[in-house]
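What follows is the residue order along each chain.
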Amino acid sequence: MFLLLFIISLGLTIQSHSYHRSKFINSANFLTGGIYESASGISDYFDLNDQNELLVEENRKLRSQIFNFSDSISSITSSIDSVSYNGRYRIQSAKVINNNYASSKNYLTLNKGEKDDIKEDLGVITSRGIVGIIDNTSNGYSRVLSILNTKSRINAQLKASNHIGSLKWDGKSPATTVQLTDISKFAPVKDGDTIITGGQSTIFPKGVPIGTIESFDLDISGDTYTIQVKLFNDMTNLSHVYIIENLDSEEIKLLENPVDE
């Protein structure tokens, strides 16, 4: 009875006095605002996966624009959907479901396969740099030959010049370091310089970041450098990746390797 009378008197006080009414409204707003903020925080937490997928998709579209910029500058202003993009490269996002990095021959498994138009010899990157090349596919999955694999060979160059070499892994260095070989002794090599893809293959566009020069030495012949490259990617911590397809690769291969009549 006391509580009932107290509530009634409190209501009458609030209704009849503007000061008390304003204080009550402010307190109510503070309370409901806190509840809404907490609820929003909880909702955002459970929505993180969906938001992450949206960000990955947006990055895929932006990266497609970058790779196709020099090939089809007019298309960028009219279309940014890389799946139906009219440029030279098509990009799809994928998720890493298995990642090996502790042996001499390491592979990754992606959740995209032949039903998604994924095939062998497509490049795989992240927003930070290269990951590897697809070497096997099934209907729903694909296997990636990691750059941390002694069988891997990728065309790469010094960003500061056009000196080209071959990027590989000796199987002994840690997962943070790979080797760039066959770089001319006349190349302007410096510690800290950036290494990028050379673009002289049908797999990766030119300019995809790889890493920075950690150290370098002339080989036994004294004609070329062997460069230790510290990777931009943390190959032990990969989640979402991008698959790059060069839409002109078959035409280029046919031109460079004509079938004998």
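Structure: see above.
This write-up is about the structure you can find in this document.

## Focus: the nonpolar core
Part 1: Grouped together as the largest cluster of nonpolar side chains are 44 residues, with contacts concentrated most on Ile130, Leu158, Leu167, Leu180 and Ile227.
Part 2: There are two domains that each give this core at least three residues, and those are domain 1 (25-150 + 240-250) and domain 2 (154-231).

## Regarding the sheet that holds strand 11 (residues 224-231)
Part 1: Taken in spatial order, the six strands of this closed barrel run 6-7-8-11-10-9, and their pairing is antiparallel. The sheet shows a mean angle of 40° between the axes of neighbouring strands, direction not considered.
Part 2: Where strand 8 (residues 177-184) meets strand 11, six bridges bridge the pair, whose relative direction is antiparallel. Each bridged residue has a counterpart across the sheet, and for isoleucine 183 the counterpart in strand 11 is tyrosine 225.

## Things to note about the sheet that holds strand 4 (residues 130-137)
Part 1: Strand order in the closed barrel formed by six strands is 1-2-5-4-3-12, and the pairing between neighbours is antiparallel. Mean inter-strand twist for the sheet, computed between neighbouring axes without regard to direction, equals 45°.
Part 2: Bridge count for strand 3 (residues 123-125) against strand 4 is three bridges, and the pairing is antiparallel. Note that in strand 4 the partner of isoleucine 125 across the bridge is isoleucine 130.

## Some thoughts on the packing of aromatic side chains
Part 1: Going through the model one piece at a time under the given rule, you end up with one aromatic pair.
Part 2: Residues phenylalanine 216 and tyrosine 225 carry aromatic rings whose centres are separated by 5.5 Å and whose planes lie at 90° to one another, so their mutual orientation is edge-to-face.
Part 3: Taking NZ or CZ as reference, arginine 143 lies 3.9 Å from the ring centre of tyrosine 107, over its face.

## Describing the environment of isoleucine 203
Part 1: When you line up the elements, isoleucine 203 lands in the loop between strand 9 (194-197) and strand 10 (209-218).
Part 2: A residue is classified by how much of its surface remains accessible, and isoleucine 203, at 15% relative accessible area, is buried.
Part 3: Between the C-alpha atoms of isoleucine 203 and leucine 122, which are 81 residues apart in sequence, the distance is 5.8 Å.
Part 4: Beyond its immediate stretch of four places on either side in the chain, isoleucine 203 contacts Asp121, Leu122, Gly123, Ile133 and Ile244.

## Some remarks on the pattern of salt bridges
Part 1: Overall, the coordinates contain six salt bridges when judged by the stated rule.
Part 2: Between arginine 90 and glutamate 245 there is a salt bridge, with the nearest N and O atoms lying 2.6 Å from each other. Placement of arginine 90 in strand 1 (residues 89-99) and of glutamate 245 in strand 12 (residues 240-246) is noted, with a sequence separation of 155 residues between them.
Part 3: With relative accessibility at 22%, the residue arginine 90 sits in the partly exposed group.
Part 4: Via salt bridges that share partners, Arg90, Lys119 and Glu245 belong to a single interconnected network.

## A look at the environment of leucine 247
Part 1: Mapped onto the elements, leucine 247 comes out in the loop between strand 12 and helix 5 (249-256).
Part 2: Classification of leucine 247 by relative accessible area gives partly exposed; the value is 38%.
Part 3: Sequence spacing of leucine 247 and tyrosine 89 is 158 residues, and the spatial spacing of their C-alpha atoms is 5.8 Å.

## As for unusual backbone geometry
Part 1: Phi at aspartate 121 is positive, roughly 65°, even though this residue is not glycine.
Part 2: Here aspartate 121 is to be found in the loop between strand 2 (105-110) and strand 3.

## So, the pairing of strand 12
Part 1: Most of strand 12 sits inside the fold, with seven of its seven residues counted as buried.
Part 2: Burial of strand 12 is two-sided: the residues His240, Tyr242, Ile244 and Asn246 facing one way and the residues Val241, Ile243 and Glu245 facing the other way are all buried.
Part 3: The sheet contact formed by strand 1 and strand 12 spans seven bridges and is antiparallel. Bridge pairing links serine 93 to tyrosine 242 in strand 12.
Part 4: Direction of pairing for strand 3 relative to strand 12: antiparallel, over a ladder of three bridges. Note on strand 12: the bridge partner recorded for valine 124 is isoleucine 243.

The rules we used
Residues numbered from 1 in each chain as written. Predicted model: local features only at pLDDT ≥ 70, side-chain atom pairs only at ≥ 80, totals over all residues. Heavy atoms only, no water. Core = buried A, V, L, I, M, F, W, Y, C linked by side-chain atoms within 4.5 Å. Buried < 20%, exposed > 50% of the residue type's maximum accessible area, 1.4 Å probe, protein only. Domains from an automatic or database assignment. Pairing = 2+ DSSP bridges. Helix = DSSP H or I, 4+ residues; strand = E, 2+ residues; numbered from the N terminus. Axes fitted to C-alpha atoms, helices over the stretch in contact; angles between N-to-C directions. Phe/Tyr/Trp six-rings, centres within 6.5 Å; stacked < 30°, edge-to-face > 60°. Lys NZ or Arg CZ within 6 Å of the ring centre and 35° of its normal. Contact = heavy atoms within 4.5 Å. Salt bridge = Lys/Arg side-chain N within 4 Å of Asp/Glu carboxyl O.

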